[in-house]
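Next come the chains, spelled out residue by residue.
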Amino acid sequence: MGVSLIATHPDLNIRIWNAAAARLFGAGADRMIGTPVTSVIPSERRRLAERVLRRVLCTGEVVDFEFQHRDAHGERRELIVTIAPITTEPGVRIGASLCIRDITRRIALQNEINETRKMSALGAMAGAIAHHFHNILGGVITGVDYARKSDDPAVTTKVLDQTGRSLTRA
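Model, not experiment: these values are computed from the prediction.

What counts as what
- Residues numbered from 1 in each chain as written.
- Predicted model: local features only at pLDDT ≥ 70, side-chain atom pairs only at ≥ 80, totals over all residues.
- Heavy atoms only, no water.
- Axes fitted to C-alpha atoms, helices over the stretch in contact; angles between N-to-C directions.
- Helix = DSSP H or I, 4+ residues; strand = E, 2+ residues; numbered from the N terminus.
- Parallel < 35°, antiparallel > 145°, perpendicular 65-115°, else oblique.
- Left-handed = near helix turned anticlockwise from the far one by under 90°.
- Contact = heavy atoms within 4.5 Å.
- Nonpolar A, V, L, I, M, F, W, Y, C, P; charged D, E, K, R; others polar.
- pLDDT = per-residue confidence, 0-100.

## With respect to the packing of helix 4 (residues 104-149) against helix 5 (residues 153-169)
Two elements in contact, helix 4 and helix 5, have axes whose closest approach is 9 Å; the angle formed by their N-to-C orientations is 165 degrees. Of the possible angle classes, the one that applies to helix 4 and helix 5 is roughly antiparallel. The two elements helix 4 and helix 5 meet at a crossing, and its hand is left-handed. Here His132, Ile136, Val140, Gly143, Val144, Tyr146 and Ala147 of helix 4 come into contact with helix 5, specifically with Val155, Thr156, Val159, Thr163, Ser166 and Arg169. Its residues assigned to classes, the contact of helix 4 with helix 5 shows seven nonpolar, five polar and one charged.

Written out as structure tokens, the structure reads:
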């Protein structure tokens, strides 16, 4: 199974640790069973993780929790944990289950999509600006060509005034 599954006792010590969890965290079940489940969470997120786990045991709600983890090769992985209570038939909560998925690739793809959208928006904006400048400069060139062919000083003055306004707009 490609999903890491961990189950805890009510005291949040690990009682089930599957092979996917062993691969992800680089430790076998023999080493992990009986240890606090929060030991797999980075220290800066451990306190929050424990509060979330206790809330799941207390309220019975299902909660997602994300954190970063360095795998056995030192690669940073983005993980999401779905934490749910384990209950007996009468509804007594006897522990928590943690379903851990590696979402590193999904986040990288989302970042690529966001970057592509940003570049697309910048390209569209650059195209609009270029079109605007083209219109202004086209008017300036047309006016200058008209003034050069005219011998009337009033036309030249008018074209120079319009050219000045156009260049100010540009």
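## Looking at the confidence of the model for the protein
Summary statistics for the protein give a mean pLDDT of 89 and a share of 99% for residues scoring 70 or more. Within the protein, no element has a lower average pLDDT than helix 5, which sits at 81, and none a higher one than strand 2 (residues 14-17), at 97.

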